[in-house]
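One-letter residues, chain by chain:
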Amino acid sequence: MAGSDRHPLFLPLIAVGGLVFGFGLGYSHMARPEVVLDFLQFEDLGLPFVMFGGALVTGVVYFLAPKLLKRPALTNRSFERRLKPFDNQVLVGGAIFGVGWGLSGICPGAAYASLGVGNVPILWALAGMFLGAFAQGVWRSRNDASDAAPTGAD
Amino acid sequence: MVLDPVPLQLFAEYFPNGISRYAIGGLFVGLGASIIYLGTGISAGASTFLESTLSYVSGRSRFQQYVSSRDWRLVFTVSIIAGAAIYSLTFGDNFQYSTDVQVWRLFVGGILVGVGTRVGKGCTSGHGVCGVGSASRTSLIGVATFLLVAIGTAQLVAAMGVSP
């Protein structure tokens, strides 16, 4: 369905973006759980430069893109900021995520990248993430059984 | 030179690996997200891949809503792995790295990350890089929440003598 009217360069561009993104996670050493744990234990405070350095770049791009360009080159979307509605779930989910991140030193993007730098034990974390996302999805769809309307993707 | 050595020493103590590794890596992360945004208008987060990939094996509506995006999310994730592999082959240590963090921490932490990122609408890339870049209030609150809780958790775990 979505594939047919896509620009032929859509997936290649996603791939280039992912390569650069993953290279950055490798270069920053954020793909190493020890480095994340060292930051959280205040033994190496460099890590925030990864996330906020990244946010600085996207911040400039998110600000300038709608002013300089009409729309993205490969889709019919418009340049919108990533704004999600705030509710208590953000706090609850953030706290659960925080416990998991503090325990393991691993978050989704860094876990994929960790596999790329040869870290086989990270498969345990990835298995856990899929299990957690599955459990949450099952629990959620049981609770929302009444409304079948899907919420917006990403 | 004329700089007071005391603050310099303090600085060095808290940044044993310097900051360029982190800052340069972060710029690449932001650049990767920006390439995708400029080309497609999509704010790429890494965690929705978990649910979108589950749509291949589960018919639940919760996962099926991601059917239209699951192929590019798969490409994005495989590329992240490949990009990190390119780092490992060029500036890194040739796939020699393996974590010493205990398996139960990785697994239990992974489960909580999987639940939390879905309940909380994003992770370190979705909220942290794209959301903060968008100056989204929701994302700023989300990042502050998981950062503070993660620091508390890691300190507690370390205080209980769990290492690595």
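Everything numeric in this text was worked out from a predicted model, so none of it was measured.

Brief notes about the pattern of salt bridges
Residues and elements named next belong to chain B.
Argument step 1. Under the definition given, this model contains five salt bridges over all chains.
Argument step 2. A salt bridge links E51 to R62; the nearest nitrogen and oxygen atoms lie 3.1 Å apart. Linking E51 in helix α3 (residues 48–54) with R62 in helix α4 (residues 61–64), this pair joins segments that are 11 residues apart in sequence.
Argument step 3. E51 sits in the buried class, given a relative accessible area of 0%.
Argument step 4. Residue class for R62 comes out buried when judged on its relative accessible area of 10%.
Argument step 5. Notably, a salt bridge pairs R118 with E51, separated by 2.6 Å at the nearest N-O pair. Taken together, the residues R118 in helix α6 (residues 103–119) and E51 in helix α3 connect sequence positions 67 residues apart. Of the two residues examined, R118 and E51, each falls in the buried class.
Argument step 6. Each of E51, R62 and R118 takes part in one network of salt bridges that share partners.

What to know about the side chain of S125(B)
Argument step 1. Examined against the element boundaries, S125(B) turns out to sit in the loop between α6 and α7 (126–133).
Argument step 2. Residue S125(B) is classed as buried on the basis of its relative accessible area of 6%.
Argument step 3. Apart from the residues lying within four places of it in its own chain, the contact partners of S125(B) are F21(A), G45(B), A46(B) and C130(B).

Some points on the packing of aromatic side chains
Argument step 1. Inspection of every chain in the model, using the stated rule, returns 18 aromatic pairs over all chains.
Argument step 2. When the centroid spacing of 5.7 Å and the interplanar angle of 90° are considered together, the rings of W101(A) and F146(B) count as edge-to-face. Separated into two different chains, W101(A) in helix α4 (residues 88–104) and F146(B) in helix α8 (residues 137–159) make up a pair that spans both.
Argument step 3. Cluster of aromatic residues (ring-pair linked, three or more members): F23(A), Y27(A), F28(B), Y87(B) and F91(B).

Comments concerning a nonpolar patch on the surface
Argument step 1. Nonpolar side chains collect at one region of the surface, where V60(A), F63(A), L64(A), L68(A), L69(A) and L38(B) lie side by side and expose about 560 Å² of accessible area between them.
Argument step 2. Examined against the element boundaries, L38(B) turns out to sit in helix α2 (residues 20–40).
Argument step 3. In this structure L38(B) comes out as partly exposed when scored by relative accessible area, which is 35%.

Some details on the nonpolar core
Argument step 1. With 65 residues, the main nonpolar core has M30(A), L47(A), W101(A) and F76(B) as its most contacted residues.
Argument step 2. Setting aside its immediate chain neighbours within four residues, L47(A) contacts M30(A), V35(A), V36(A), F39(A) and Y22(B).

A short note on the interface of chain A and chain B
Argument step 1. Chain A puts 117 residues into the contact, and the matching count from chain B is 121 residues.
Argument step 2. Carbon and sulfur atoms make up 72% of the area that chain A and chain B hide from each other, which totals about 10800 Å².
Argument step 3. If you sort the residues of chain A by the area they bury against chain B, F21(A), R82(A) and Y112(A) come out on top, with a joint share of 8%.
Argument step 4. Summed over the shared surface of chain A and chain B, the number is three salt bridges.
Argument step 5. Put simply, chain A and chain B have 34 residue pairs in polar contact (both at pLDDT 80 or more) between them.
Argument step 6. Counting only elements with at least two residues in the side of chain A that touches chain B, the list comes to α1 (10–27), α2 (33–40), α3 (48–68), α4, α5 (108–116) and α6 (122–143) of chain A.

Considering the packing of α3(A) against α7(B)
Argument step 1. At a minimum axis distance of 7 Å, the contact between α3(A) and α7(B) shows a crossing angle of 35°. Relative to α7(B), the crossing made by α3(A) is right-handed. Contacts between α3(A) and α7(B) pair M51(A), F52(A), G54(A), A55(A), T58(A), G59(A) and Y62(A) from the former with G128(B), V129(B), C130(B), V132(B) and G133(B) from the latter.
Argument step 2. Of the residues belonging to the contact of α3(A) with α7(B), the class tally is seven nonpolar, five polar and no charged.

Structural notes on the side chain of S139(B)
Argument step 1. In this structure, S139(B) sits in helix α8.
Argument step 2. Judged by its relative accessible area of 0%, S139(B) falls in the buried class.
Argument step 3. Within polar-contact distance, the side chain of S139(B) engages the side chain of H127(B) at 2.8 Å.
Argument step 4. If near-sequence neighbours (up to four positions away) are discounted, S139(B) is found in contact with R82(A), H127(B), G131(B) and V132(B).

Rules behind the numbers
- Residues numbered from 1 in each chain as written.
- Chains lettered and ligands numbered in written order.
- Predicted model: local features only at pLDDT ≥ 70, side-chain atom pairs only at ≥ 80, totals over all residues.
- Heavy atoms only, no water.
- Salt bridge = Lys/Arg side-chain N within 4 Å of Asp/Glu carboxyl O.
- Helix = DSSP H or I, 4+ residues; strand = E, 2+ residues; numbered from the N terminus.
- Buried < 20%, exposed > 50% of the residue type's maximum accessible area, 1.4 Å probe, protein only.
- Contact = heavy atoms within 4.5 Å.
- Phe/Tyr/Trp six-rings, centres within 6.5 Å; stacked < 30°, edge-to-face > 60°.
- Patch = residues over 30% accessible without salt bridge, like charges linked within 9 Å, V, L, I, M, F, W, Y side chains within 5 Å.
- Areas by Shrake-Rupley, 256 points an atom, 1.4 Å probe, with all protein chains shown as cover.
- Core = buried A, V, L, I, M, F, W, Y, C linked by side-chain atoms within 4.5 Å.
- Buried area = accessible area lost by both parts, 1.4 Å probe.
- Polar contact = N/O pair within 3.5 Å; in protein donor to acceptor, adjacent residues only side chain to side chain.
- Axes fitted to C-alpha atoms, helices over the stretch in contact; angles between N-to-C directions.
- Left-handed = near helix turned anticlockwise from the far one by under 90°.
- Nonpolar A, V, L, I, M, F, W, Y, C, P; charged D, E, K, R; others polar.

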